[in-house]
Every structure is written in structure tokens, then in C-alpha cells.
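# Working through the structure, step by step
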Amino acid sequence: MKLFNQPKEFTLFNLLQLFKLNLRFVVISIFAFIIILIGLSFIIPQHYVASSSLLPPKKDGGSGGLSSFIQNFTGGGLNLGSIGQSDQSKVFGEIIKSRTVAEYIIEKMQLKKNKSFKGISNEKLVGFIVNSLFVDVDKSGLIYVSADVATGYLPSSSEGKKASKFASDMANAAVEGLDIVIRNRSMSSARQSKEYVEKEIERYLTKLDSVETKLEEFQKSNKVLAIDEQTQAIVTQSIELGSQLAKADLEKNLALLEYQPNSPQYQFYSKQHELLSEQYRKVQSGGLTKDESFSIPLDNVPKLIKEYTTLFRERKIIEQVMLYLETQRHQEAIQEKRDVPVVEVLDKAYPPEDRYSPKRSMMALLGVILSIIFLIIYISFKAFQSGTIYLEESKI
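Read on for an overview of the structure. (Residues numbered from 1 in each chain as written. Predicted model: local features only at pLDDT ≥ 70, side-chain atom pairs only at ≥ 80, totals over all residues. Heavy atoms only, no water.)

### Some points on the pattern of salt bridges
Selection criterion: Every case where a carboxyl oxygen of Asp or Glu lies within 4 Å of a side-chain nitrogen of Lys or Arg is listed as a salt bridge. In this text, helices come from DSSP runs of H or I with a minimum length of four residues, and strands from runs of E with a minimum of two, each type numbered from the N-terminal end.
One pass over the full model with this rule turns up eight salt bridges. Taking the shortest distance from any N to any O, the salt bridge between E123 and R99 comes out at 2.7 Å. In this pair, E123 sits in helix 6 (residues 122–132) while R99 sits in helix 5 (residues 99–108), placing the two residues 24 residues apart along the sequence. Counted as one network, the salt bridges with shared partners bring together R99, E103 and E123.

Next comes the structure, spelled out in C-alpha cells:
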């Protein structure tokens, strides 16, 4: 055994020399390590991952609902706020990982009847589903739903196919569960909204009946039918009588200049003036005859117009609210009954042809790296222990 001429520092060259001197052992060890890892890949469970992608949730255009009505009623000055599209996608992702969706998947896939899950409690099944689902939301709002299903130890090809199909079924069932949850929530919300709107309709119907009763009593007691037209007619009639009365007064005064006060001619003009004065007074106080039904005293017109306008305006407002509530009730009834998918699927999940892990090529590469590291440590330690780490020739 040949020594170096003088003690030297252990360098990479020494290490390469040791590897060269023990090349056979190194090669056998590396191949053995790779074979062990590849053999292990046939023993450990195989994972199959199936993925589905969903389009971002649609933004609510605000086409209906009480919030839209409030915004319209306030002239758009009330900002109720809205949730961002990316945030909605994240909410969808959280729903997919929820217990409700997990229980839907259990029911949909009939896992309790599956032999592989026989005797497993519902809590463990829910935990298995939640831990098998993975959700990723990208910046654009796209949602990716993946299901990771593993086989047992020493899996056969048939077990791999079953796990592959199970993964795709789980991913698709998760998407369906998301749609069901959102739709049920929407239907429940629509049902509650409809019930609230129906109660509001009943309340406003009562108010409308009360206002119409008041308006009817007001019209009867004050002889009001259409106060604007009635007032115009009374004023026109009063103007005509006032003109005739002024003419009669002039004729009476002229007759007094020509005739004696007790003469028949003067008495005629005096009587005519008296009759016109009485008619003018009656028009001012509410009608020419006692049986006149729709003549209003002019002194009461401003007060009556104010009262009538208030009642009329209140009735019109209630009618407009009633019209909106009826429209809203029909919209909520349609929303409650319709069966349209809310979640839009971009790509459906299909059974993967290849397993996700273990990847034998990666395991072989990892085996080479790990075996080299192990051999470096082992050969160096043995050479150091035997005192031949600085020898030109060394055998282990």
C-alpha cells in the first residue's frame, strides 16, 4: 500500500480517487438503491388527481331586488357596495371545502355503501373528502377544483383505474355540490324575499284601502270630483254673473235718472239687479240651487285643494309602491322555482390516464442523488476510520 510522500489535506481529488478505487461498490450501491426505490414505488399508494375548472362568478348587474329599488328611490345616492369578482371566486372555493358540499359528495357518490368505506363514521368521511379536495383561484378569477385520491398498498392496475375514476367523480361532484348550495341559498333567499314582499303588499293594500276611503269621504262631504275642473267652472260662472251684475247695476242707475223709484220700469231694473246679486252670492257660497251636487264655495277652494292634493298624492305613491312590489313578487317567485345552473363549468374533470405520484423517473433520479450523498459519507467515513483517507490506493 503506497502512501503519499507527505500528509495532505483531504480534497475533492482524494474523494474522486476513493470513488475510483471503489467503483464497483459505488455502481452496485447506486443500482441497488434505485431498484429499492423503484420497487418501493410499486408498494406505496398511488395518487391520481383529476381537475375541473370553473368560470369566474358573474357580477350582479343589479337588475332587481330591494337594494335596486332603494337605490332608484334615493336617486342613486346610496351606495350599497359590492364584492369583487376575485373575492367571489374565493368564496366559491371556501364553499367547495365546506362540510355541506362534502356531505353532498358522500350522498351523490353513495360512499356509505362503498365497500372501501364500510364502517367509517360520517365525520371521518367528511374529513376524507375535505382533505382530498384542493381549490386554486387565479388572478383572473378562474377556479380550479382538484381531487386527489390514493390507492392502497401494493395497488393493482384495476385499483389504479378505480382511483382515477373516483378522483374525477369527486371533482365533478364537488362542482355540482357548489352549484346546489348556491342555488338552494338563492332559492331560500328568494323565498324569504317573496314572503317579505307579500307581507308588504298586504300592508300597503290596507293603507291603500284606508286612503281611498278617506278620499271618497272627502269627495262626498266637500262635493269634490275633480277639483281643478270644478274650480275653473265655478270661476268662469262667477265671472259671467259678475259681468251681468255690473251691467244690471249700470242699467238700474240709468233707469233711476229717467223714471220715478215707484215706476214699473225702474222696478224691473231693480228686480233684475237683485236677482243677479243673489245668484252671484250663491255661486260664491257653493251653487246656484240647493240640489247642485258639485259646486264648491270659492272661499274653501285653497284649503280643499291642499287636502285633496295630499290624499291624491298619498294614493298615487302607494299605487306606485304596489306596482313595484307586485313586479318584485313575480321576480322572486320565478327565482324560487327556476332550476338554472349558477356555476359555469369551463372544463369537466375526466379520469387521469397517468398517476400523479409516485413518479418513477423522479424517484430514480432522487435515488441516484441520495445514493451518491450516502456513498460519499460512507466511503469517507470508512477511509478515515481505517486511516487510509490520504492513501493513493484504498479498498473498502
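### Considering the packing of aromatic side chains
Let me state the cut-off plainly: Think of it this way: a Phe, Tyr or Trp ring, Trp meaning its six-membered ring, pairs with another when their centres are within 6.5 Å, and the plane angle makes it stacked under 30 degrees, edge-to-face over 60, tilted otherwise. Think of it in three bands: residues with accessible area under 20% of the maximum for their type are buried, residues over 50% are exposed, and the middle band is partly exposed, with areas taken using a 1.4 Å probe on protein chains only. The rule is short: NZ of Lys or CZ of Arg within 6 Å of the ring centre and within 35 degrees of the ring normal puts a charge over the ring.
By the definition in use, this model includes five aromatic pairs. Where F117 meets F166, the ring centres are 5.8 Å apart and the plane angle is 25°; that geometry is what we call stacked. In this pair, F117 sits in the loop between helix 5 and helix 6 while F166 sits in helix 7 (residues 157–222), placing the two residues 49 residues apart along the sequence. The interplanar angle of 50° and the centroid separation of 6.4 Å between the aromatic rings of F128 and F166 together place this pair among those described as tilted. Of the two residues, F128 is situated in helix 6 and F166 in helix 7; the sequence distance between them amounts to 38 residues. Using a relative accessible area of 27% as the deciding quantity, one classes F128 as partly exposed. The rings of F25, F374 and Y378 are connected pair by pair, giving a single aromatic cluster. Positioned above the aromatic ring of Y204 is the side chain of R203, whose terminal nitrogen or guanidinium carbon lies 5.0 Å from the ring centre.

### Concerning helix 5
The cut-off we apply is this: The arc refers to the directions leading from the helix axis to the C-beta atoms.
Turning to helix 5, its buried residues number three or more, namely V101, A102, I105 and I106. Within helix 5, the buried residues cover an arc of 145° as seen down the axis, which keeps them to one side. Positive phi shows up at Q110, right after helix 5, with a value of about 50°.

### Some points on the sheet that holds strand 1 (residues 47–54)
Here is the rule: What makes two strands pair is DSSP finding at least two bridges between them. Fitted lines through C-alpha atoms give the axes, limited to the stretch in contact for helices. The angle between two N-to-C directions lies from 0 to 180 degrees. Every residue pair with non-hydrogen atoms within 4.5 Å of one another is taken to be in contact.
Taken together, the four strands give an open sheet; going across it, the order is 2-3-1-4, and neighbouring strands pair in antiparallel fashion. Strands at the two margins of the open sheet, each flanked by one partner only, are strand 2 (133–137) and strand 4 (345–347). Taking each pair of neighbouring strands and ignoring which way they run, the sheet shows an average axis angle of 30°. Of the pairings in the sheet, the one linking strand 1 to strand 4 comprises two bridges and is antiparallel in character. Pairing of S53 across the sheet is with D347, part of strand 4. Along the sheet, helix 6 contacts strand 2 and strand 3 (143–150); its crossing angle with strand 2, the most-contacted strand, is approximately 35°.

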